[in-house]
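Summary of structural features
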Protein chains: 2
Amino acid sequence: MDSSQKSGEMAINITESKSTKGKAAAVAPATIIATTKGAENPKGGWKRGVGVFDFILRICAIGAALAATATMGTTDQTLPFFTQFLQFQASYDDLPAFTYFVIANGIASAYLVLSLPFSVVCIVRPHIVGARLLLLILDTVMIALTTSGAAGAASIVYLAHNGNPNTNWNAICQQFNDFCQRVSGAVVASFITAFIFMFLVVLSAVALRRN
Amino acid sequence: MDSSQKSGEMAINITESKSTKGKAAAVAPATIIATTKGAENPKGGWKRGVGVFDFILRICAIGAALAATATMGTTDQTLPFFTQFLQFQASYDDLPAFTYFVIANGIASAYLVLSLPFSVVCIVRPHIVGARLLLLILDTVMIALTTSGAAGAASIVYLAHNGNPNTNWNAICQQFNDFCQRVSGAVVASFITAFIFMFLVVLSAVALRRN
């Protein structure tokens, strides 16, 4: 997998500090070891800093994703008047886009909690490639998941606020004002989650690059 | 930018192929040079292969993004009957979500065309980090852009197909069947574009990782 393993099979390897896994170099003079050892610390520290930042961002994202899920999931407004046949009530499961929103943000929250141990591994061992690559791939999938949930809900919220005369869909936010307010808040929280995921992907990519 | 340029200024550099930044080690025997040079080719070739695959995927994505933009942008259906006051006509700019869809996919198409030279740079010089990191960051932004456009339009298309009795929004696809068909096709093409972008991000991350 890693070419440093290949180089480890060679008898002599002076690039130890660069390729983290290298075997000790018996032939290389002490001066070189000293120089490269000196260069190792700031690099490891830099990667560790990225890892800590990654961990903090994940905790922020958990907050945003849980807020989005909970706000949308608990929103429920019953109007104080009703006719003989039906009671006017608005809830997230009236609209498929909102149901998808709750599912998508629930999955994102669960993923974020489960990803915390991997993030800790990346802090403790900054040079591990596998864990970071796994996080990057799953974060990329989560960008798509949260963005699609948020955008789908946003376009319904927009319709609920403004209606559309061309298709004869009327605005419902005059009646369900409280419902619309809370749903809009949930959409904003979900977009914040998606934004944090984008930042996490870029952060992982920066930490992955060789140097 | 690339650290290999820095190391090029040194008189002797044998660690170049492994760790582009390595300090020169005049003491190391010549056998190491031969070994590491031998190990360089497959690695460079591997990264070049990833670069070529990246380029091909980008061309596929251009096709999908342009198809999505063109299909949505040219969709226009006028019903064969009209009343005294209004003619029944459906076009993408009747709905803000569809307008956003066209803009988002137009931007994605333009970005993809402009990104081709950078992709070529990554093929010609597989070890350049800057260009690849730039592509990764912009691809990540494009995932969010295309996914949000596609999801927003998808939730409107779903509404147009099925309507929603809770909010009293009626399905319009009975009347505008041709319109709905083409819009659905455009949404699928846009999701394909978003999927290719996700794949491109992961590919760039794999190519970025040090080894």
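Since this is a predicted model, take the numbers as computed values, not measurements. (Residues numbered from 1 in each chain as written. Chains lettered and ligands numbered in written order. Predicted model: local features only at pLDDT ≥ 70, side-chain atom pairs only at ≥ 80, totals over all residues. Heavy atoms only, no water.)

1. Notes on the environment of B:A171
Residues and elements named next belong to chain B. What counts, and what does not: Secondary structure counts use DSSP, requiring at least four H or I residues in a row for a helix and at least two E residues in a row for a strand, with both numbered from the N terminus. By definition, residues are in contact when any of their heavy atoms lie within 4.5 Å.
Following the sequence through the fold, A171 ends up in the loop between α4 (130-162) and α5 (177-208). Separated by eleven residues in the primary sequence, A171 and R182 place their C-alpha atoms 16 Å from one another. When neighbours within four sequence positions are excluded, A171 is seen to be in contact with L159, A160, H161, N162 and G163.

2. A closer look at the UniProt feature "transmembrane region" (unreviewed entry) in chain A
Residues and elements named next belong to chain A. To be explicit about the condition: UniProt positions are given in the numbering used here, feature names are shortened, and annotations may be inferred rather than shown by experiment.
UniProt annotation of "transmembrane region" (unreviewed entry) refers to residues 55-75, 95-121, 133-160 and 186-208 when read in the numbering used here. With 96% helix and 0% strand, residues 95-121 has end C-alpha atoms that lie 40 Å from one another. Counting secondary structure, residues 186-208 comes out at 100% helix and 0% strand; the distance between its end C-alpha atoms is 33 Å.

3. Points about the state of the cysteines
Residues and elements named next belong to chain A. Going by this rule: We call a pair of cysteine sulfur atoms a disulfide when they lie within 2.5 Å. Accessible area is worked out with a 1.4 Å probe on protein chains only. A residue is then buried under 20% of its type maximum, exposed over 50%, and partly exposed in between.
As enumerated under the stated definition, the model contains two disulfides over all chains in all. Note on cysteine connectivity: C173 is disulfide-linked to C180, with sulfurs 1.8 Å apart. Judged by the sign of its S-S torsion, about -85°, the bond between C173 and C180 is left-handed. We note that C173, like C180, is buried. Its sulfur unpaired, C122 is 18 Å from the next cysteine sulfur, which belongs to C60. In this structure C122 comes out as buried when scored by relative accessible area, which is 2%.

4. Some remarks on the packing of helix α4 (residues 130-162) of chain A against α4(B)
The condition that has to hold: Helix axes use the C-alpha atoms of the stretch in contact, all axes being lines fitted to C-alpha atoms, and the angles between their N-to-C directions lie in the range 0 to 180 degrees. Any angle from 65 to 115 degrees is called roughly perpendicular, while one under 35 is roughly parallel, one over 145 is roughly antiparallel, and all others are oblique. Working rule for handedness: look at the near helix, and if it is turned counterclockwise from the far one by less than a right angle, call the crossing left-handed; if clockwise, right-handed. Note on residue categories: nonpolar means Ala, Val, Leu, Ile, Met, Phe, Trp, Tyr, Cys or Pro, charged means Asp, Glu, Lys or Arg, and polar means any other residue, Gly included.
α4(B) packs onto α4(A) with a crossing angle of 40° between their chain directions and a minimal axis gap of 7 Å. One element, α4(A), and the other, α4(B), form an angle in the oblique class. Judged by the sense of rotation from one axis to the other, the crossing of α4(A) with α4(B) is right-handed. For the pair α4(A) and α4(B), the contacting residues are A:T140, A:I143, A:A144, A:T147, A:S148, A:A151, A:G152, A:S155, A:I156 and A:L159 in the first and B:T140, B:I143, B:A144, B:T147, B:S148, B:A151, B:G152, B:S155, B:I156 and B:L159 in the second. Class assignment of the residues belonging to the contact of α4(A) with α4(B) gives a composition of ten nonpolar, ten polar and no charged.

5. Points about the pattern of salt bridges
Selection rule: By salt bridge we mean one thing: a side-chain nitrogen of Lys or Arg within 4 Å of a carboxyl oxygen of Asp or Glu.
Following the criterion strictly, the structure yields four salt bridges over all chains and no others. When the shortest N-O distance is used, the salt bridge between A:D139 and A:R58 registers 2.9 Å. Here A:D139 is found in helix α4, whereas its partner A:R58 is found in helix α2 (residues 30-74), with 81 residues between them in sequence. Here B:D54 and B:R58 are joined by a salt bridge, their closest N and O atoms 2.8 Å apart. Placement of both B:D54 and B:R58 in helix α2 (residues 30-74) is noted, with a separation of four residues, approximately one turn of the helix. Classification of B:R58 by relative accessible area gives buried; the value is 0%. Several salt bridges converge on common partners, so that one network encompasses A:D54, A:R58 and A:D139.

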